[in-house]
Amino acid sequence: MITRSIGASPYSMARKTDIVDADGLDQSLKMAIYSVYDYGIVSGYADKTFKQDQQATRAEAATMTVRTIDPEKRSDNPRTFNKDSLAYFDGTAGKAVLVAVSGQVYDFSNLDKWSGGTHMNTIKAGQDLTKEIMEDSPHGLYVLSRAEIVGTYVEE
Ligand code: HEM
């Protein structure tokens, strides 16, 4: 429900190690659960568990509601991507459309010009496009202000 209300797409591959009880999660709910982590709406328990079978307390439910409505209240959950984890988010099959530029990872999932992960018929998401946006694009960096930064990119 929360996932749908914020139009979230999960970048789940990046966060396997963040939820230690991830293996026990309901397959049908997995993507939604990863999304709420990715968007900082849920941060999990201190021992890195999600506890799928435990009911949320009133306080937890209120926190999730506030974070859904107000992005500024979301927990700071910056993801770190490398070449492999970024490559997964190429916008195909409903996956998020992520692109790295100058060490930051941007989410283009809601931008029409990047629908399905392809831009101008040739440029593909899921990779570092710093050189391309600076040297080949007619617009340069200003278009990045239309997208949210969702993590940092490290070359290995
Ligand atoms: C040869 C390379 C490229 C061409 C010809 C191109 C062309 C365009 C055009 C014509 C637009 C729409 C006009 C505008 O919003 O200013 C656009 C938008 C955009 N481009 Fe590019 N682009 C190129 C490369 C890139 C690269 C490498 C990136 C990312 C790293 C990028 C990111 C964007 C973004 C985020 C938008 C805004 C999309 C939206 O608001 O729906 N572009 N591009």
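That block above? That's the structure.
The rules we used
- Residues numbered from 1 in each chain as written.
- Predicted model: local features only at pLDDT ≥ 70, side-chain atom pairs only at ≥ 80, totals over all residues.
- Core = buried A, V, L, I, M, F, W, Y, C linked by C-beta atoms within 7 Å.
- Buried ≥ 20, exposed ≤ 12 C-beta atoms within 10 Å, placed from the backbone.
- Helix = DSSP H or I, 4+ residues; strand = E, 2+ residues; numbered from the N terminus.
- Near = placed C-beta within 6 Å.
- Nonpolar A, V, L, I, M, F, W, Y, C, P; charged D, E, K, R; others polar.
- Pairing = 2+ DSSP bridges.

Asks: What should I look at first to understand the nonpolar core in this one?
Replies: Nonpolar side chains in soluble globular proteins generally cluster together in the buried interior. Judged by nonpolar contacts, the single largest core of 16 residues is most densely connected at Leu86, Val97, Leu98, Val105, Phe108 and Ala125. Mapped by element, the contributors of at least two residues to this core are β2 (98–101), β3 (104–107) and β6 (148–153). Top contributing element to this core by residue count: β2, with three residues. Within the second largest apolar cluster, nine residues are counted, among which are Tyr34, Val36, Tyr37 and Phe50.

Asks: How should I be thinking about the site of the ligand in this particular structure?
Replies: Taken together, the neighbourhood of the ligand is formed by 19 residues, with Leu111, Lys113, Leu129, Glu132 and Ser137 sitting nearest. Among the secondary structure elements, those contributing two or more residues to the shell around the ligand are β2 and α5 (130–135). For the shell around the ligand, the per-class residue count stands at 11 nonpolar, three polar and five charged.

Asks: Sorry, what's going on with unusual backbone geometry here?
Replies: Trans is the prevailing form of peptide bonds, just as negative phi is the prevailing case for residues other than glycine. For Lys48, which is not glycine, the phi dihedral falls at a positive 65 degrees. With respect to the helices, strands and loops of the structure, Lys48 is situated in the loop between α2 (30–38) and α3 (58–69). Lys48 sits in the partly exposed class, given 13 other C-beta atoms within 10 Å. The backbone of Asn121 sits at a positive phi, close to 65 degrees, despite the residue not being glycine. Note on placement: Asn121 falls in the loop between β4 (118–119) and β5 (123–124).

Asks: Looking at this structure, I do not really get the environment of Ile33. What am I missing?
Replies: Along the polypeptide, Ile33 turns up in helix α2. Residue classification places Ile33 among the buried positions, given that 21 C-beta atoms sit within 10 Å. Sequence-wise, Ile33 and Phe50 are 17 residues apart; in three dimensions their C-alpha atoms are separated by 8.8 Å.

Asks: For this particular structure, what's the right way to read the pairing of β6?
Replies: Looking along a regular strand, one sees side chains alternate from face to face of the sheet. Relative to β6, strand β1 (residues 79–81) runs parallel, the two being bridged by three bridges. Opposite Thr80, over in β6, you have Thr152 as the bridge partner. Bridge analysis of β3 against β6 gives four bridges, and the strand direction is antiparallel. Paired with Gln104 across the two strands is Thr152, which belongs to β6.

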